[in-house]
Amino acid sequence: MDISCDVLIVGGGLVGSSLACALDGQGFDVVLVEATPLREAAPPSFDERNLALAEASLDALAALGVGRHIVSPPAPIRHIHVSSQGDFGSVRLDARERGLERFGAVVVARELGAALEARLAELSALRHLRPARLDQIAQTAEYIEALLATPEGELRVRAQMLVAADGTDSGLRDRLGIGAEVHDYEQTLFVSVVTAAKAPADTAYERFTAQGPLALLPLAGGRLGSVCTVPSAQADAVRALNDDAYRDFLQQRFGWRVGRFGRVGRRSAYALRKVVAERLVATRAVLVGNAAQSLHPIGAQGFNLGLRDALTLAEVLVAARQAGEDIGSERVLARHVQRRLPDRAATLELSHGLVRLFGNSFAPLRLLRSAGLLALDRFPSLADRLVRESMGYGSDVSQLARKVVA
Ligand SMILES: Cc1cc2nc3c(=O)[nH]c(=O)nc-3n(C[C@H](O)[C@H](O)[C@H](O)COP(=O)(O)OP(=O)(O)OC[C@H]3O[C@@H](n4cnc5c(N)ncnc54)[C@H](O)[C@@H]3O)c2cc1C
């Protein structure tokens, strides 16, 4: 059987699903394709990772009708503490001092995924094909055609435009002939929930050490989401530690700022790569989310940035449709690219720059970053810029995320 639509979204992870929500009610015929089967398995990123969501992202998720489906209330971040092991200087950012209720909040990816799925189920106009895997594409000047593998057999979908939201190892990116710059950080990230004797409320910590960065995020019930980077050569040894030994390892890496760590929960591990697509568009196709760029998670920007990709794309498509334009045309896609590039470049620089700067033990660099930490602490305008960037208000902000733009 063959079907046709206006927008074909490949990948129903966090970003592709958000885009489907953003396009709802805008008069588009949308098909969303996700490879994992409904109910039997969740998309791989709907796991136990803790997502620090910028305030702009929380506003957008509320506007998309997703926020009300998140089961546990997002844990607010009202204070941020940044330090570097062995350097003098640290940064303390306080939301209230900046006239803000909070900088953002933390949700578990599994719960955000479930909320997105609940919202998708409410979208009666959406055709959600799951499980279905995109196998091949053919591009023409007038349309793009995709061949999907489904349990019922092959399905051909003809679309005015296609969105690749198929994640870091995007097969679509390759099929569209878009190369990617890959940087292996040679680091593995361990994520687990931990308790601590003196964890202050609503406080996120970011600590840079010679072995890689470490973060603690506030969670509901006074627990902390720990995110600990280790050089990949040591990953097997860390994986093999029992819970008590891993707790001691975390303590030694993080220090005693939140007192003694208590119980640590189940650990998951992620190998870290930066993957940056050379272009965001091809004929009648756009890359969004991790397919467009995958960042080091320590800056907590990946989904926030991907969501902004989705929101901007939705806005550009709606405006094009209202103006009677062909939504897959080069002109329309170029408008999306023009709006996304500055934010993308700034966020990549923020995330990768932090890892590079703080991962280096070269003495002059260490002095520089100590000076940088002190400067951030003493000069509110510098800190304000950092805060605006990480809250999602750094550049071109889409309508759906505008509630509290200062
Ligand atoms: C440990 C960790 C912590 C993180 N913390 C944060 C944080 O605090 N804040 C933040 O903003 N970001 C964070 N991130 C980043 C965030 O998780 C990602 O940016 C986000 O998941 C990207 O979403 P996506 O939809 O682009 O890709 P994915 O979530 O990877 O989804 C891609 C989807 O495409 C599907 N797919 C693939 N190929 C096909 C195909 N051929 N056909 C059909 N479907 C296909 C897959 O099944 C998958 O569901 C973190 C990441 C990690 C690893």
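The text that follows walks through the structure, step by step, so that each part is easy to find. Predicted, not measured: the structure shown is a model, and the values here were computed from it.

Here's the deal with the site of the ligand
Step number 1: The environment of the ligand is made up of 33 residues, and the closest members are Glu 34, Ser 45, Arg 49, Ala 52 and Asn 290.
Step number 2: One nitrogen or oxygen atom from the side chain of Arg 49 is found 2.7 Å from an oxygen atom belonging to the ligand.
Step number 3: One nitrogen or oxygen atom from the main chain of Gly 302 is found 3.5 Å from a nitrogen atom belonging to the ligand.
Step number 4: Surface burial for the ligand is 90%, taken as the share of its 1,000 Å² of free accessible area covered by protein chains.
Step number 5: Where the shell around the ligand is concerned, the elements lending two or more residues are helix H1 (14-23), strand E3 (50-54), strand E9 (133-139), strand E12 (180-196) and helix H7 (302-322).
Step number 6: When the residues that make up the shell around the ligand are grouped by side-chain class, the tally is 18 nonpolar, 11 polar and four charged.

Observations regarding the pattern of salt bridges
If the charged atoms of two oppositely charged side chains come close together, the side chains can form a pair.
Step number 1: The tally for this structure, following the rule as stated, stands at 26 salt bridges.
Step number 2: As a salt-bridge pair, Arg 130 and Glu 117 come within 2.7 Å of each other at their nearest N and O atoms. With Arg 130 in the loop between strand E8 (127-129) and E9 and Glu 117 in helix H3 (residues 109-122), this pair connects stretches of sequence that are 13 residues apart.
Step number 3: For Arg 130, a relative accessible area of 14% corresponds to the buried category.

Description of the sheet that holds E3
Step number 1: Taken together, three strands build an open sheet; the order of strands is E3-E7-E4 and the sheet is antiparallel. With partners counted over all chains shown, the strands left at the sheet margins are E3 and strand E4 (75-77), one partner each. For this sheet, the mean angle separating the axes of adjacent strands, direction not counted, is 35°.
Step number 2: With three bridges connecting them, E4 and strand E7 (residues 104-108) associate as antiparallel partners. Opposite Ala 75, over in E7, you have Val 106 as the bridge partner.
Step number 3: Sheet strands in contact with H3 are E3 and E7, and its direction is about 85° off that of E7.

Focus on H7
Step number 1: Taking 1.5 Å of rise per residue, 21 residues should cover 30 Å, and H7 covers 31 Å from first to last C-alpha, within 8% of that figure.
Step number 2: Burial within H7 is extensive, with 16 of its 21 residues counted as buried.
Step number 3: Positioned one or two residues after H7, Gly 324 has a phi angle of 75°, which is positive.

Side note on the pairing of strand E13 (residues 203-209)
Regular strands place their side chains on alternate faces of the sheet.
Step number 1: Where burial is concerned, most of E13 is hidden: seven out of the seven residues are buried.
Step number 2: The side-chain alternation of E13 yields two buried faces, one formed by Thr 203, Tyr 205, Arg 207 and Thr 209 and the other by Ala 204, Glu 206 and Phe 208.
Step number 3: Bridging between strand E5 (residues 79-84) and E13 involves six bridges; their strand directions are parallel. Across the sheet, the residue bridging to His 79 is Thr 203, located in E13.
Step number 4: Remark: two residues form the turn of the hairpin made by E13 and strand E14 (residues 212-218), two consecutive strands paired antiparallel.

Some points on the packing of H1 against H7
Step number 1: Look at H1 against H7: their axes get within 9 Å of each other, and the N-to-C directions meet at 30°. Judged by the inter-axis angle, H1 sits roughly parallel to H7. For the pair H1 and H7, the crossing hand works out as right-handed. Contact residues: Leu 14, Val 15, Ser 18, Leu 19, Ala 22 and Leu 23 in H1; Phe 303, Gly 306, Leu 307, Ala 310, Leu 313, Ala 314 and Leu 317 in H7.
Step number 2: A class-by-class count of the residues in the contact of H1 with H7 yields 11 nonpolar, two polar and no charged.

Focus on the nonpolar core
Step number 1: In this structure, Val 7, Ile 9, Leu 23, Leu 112 and Leu 317 are the most contacted members of the largest nonpolar core, which totals 48 residues.
Step number 2: A total of 10 residues in this core trace back to one element, the largest contributor, which is H7.
Step number 3: With residues near it in sequence (within four places) discarded, Val 7 still touches Leu 23, Phe 28, Asp 29, Val 30, Val 31, Met 161, Val 163, Leu 317 and Ile 327.
Step number 4: Residues Val 33, Leu 155, Leu 172 and Ala 282 belong to the second largest nonpolar core, which totals 26 residues.

Considerations on the packing of aromatic side chains
Step number 1: What the rule picks out here adds up to four aromatic pairs.
Step number 2: Three or more aromatic residues joined by ring pairs make a cluster, and in this case those are Phe 190, Tyr 246 and Phe 249.
Step number 3: In this arrangement the basic side chain of Arg 158 is found over the ring face of Tyr 143, its NZ or CZ atom lying 3.8 Å from the centre.

A few points about unusual backbone geometry
Step number 1: Across the junction of Arg 130 and Pro 131, the peptide omega takes the value 0°, indicating a cis bond.
Step number 2: With a phi angle near 55°, Glu 186 is a residue other than glycine that sits in the positive phi range.
Step number 3: Along the polypeptide, Glu 186 turns up in strand E12.
Step number 4: A positive phi angle, close to 60°, is found at Asp 202, a residue other than glycine.
Step number 5: For Asp 202, the location among the structural elements is in the loop between E12 and E13.
Step number 6: What makes Asp 202 partly exposed here is its relative accessible area of 22%.

What about the pairing of E3?
Step number 1: Burial within E3 is extensive, with five of its five residues counted as buried.
Step number 2: With burial as the criterion, each face of E3 is covered, one bearing Asn 50, Ala 52 and Ala 54 and the other bearing Leu 51 and Leu 53.
Step number 3: Two elements, E3 and E7, share five bridges in a ladder whose sense is antiparallel. Bridge pairing links Ala 52 to Val 106 in E7.

Parameters at a glance
- Residues numbered from 1 in each chain as written.
- Predicted model: local features only at pLDDT ≥ 70, side-chain atom pairs only at ≥ 80, totals over all residues.
- Heavy atoms only, no water.
- Near = heavy atom within 4 Å.
- Polar contact = N/O pair within 3.5 Å; in protein donor to acceptor, adjacent residues only side chain to side chain.
- Areas by Shrake-Rupley, 256 points an atom, 1.4 Å probe, with all protein chains shown as cover.
- Helix = DSSP H or I, 4+ residues; strand = E, 2+ residues; numbered from the N terminus.
- Nonpolar A, V, L, I, M, F, W, Y, C, P; charged D, E, K, R; others polar.
- Salt bridge = Lys/Arg side-chain N within 4 Å of Asp/Glu carboxyl O.
- Buried < 20%, exposed > 50% of the residue type's maximum accessible area, 1.4 Å probe, protein only.
- Pairing = 2+ DSSP bridges.
- Axes fitted to C-alpha atoms, helices over the stretch in contact; angles between N-to-C directions.
- Contact = heavy atoms within 4.5 Å.
- Expected span 1.5 Å × (residues − 1).
- Parallel < 35°, antiparallel > 145°, perpendicular 65-115°, else oblique.
- Left-handed = near helix turned anticlockwise from the far one by under 90°.
- Core = buried A, V, L, I, M, F, W, Y, C linked by side-chain atoms within 4.5 Å.
- Phe/Tyr/Trp six-rings, centres within 6.5 Å; stacked < 30°, edge-to-face > 60°.
- Lys NZ or Arg CZ within 6 Å of the ring centre and 35° of its normal.

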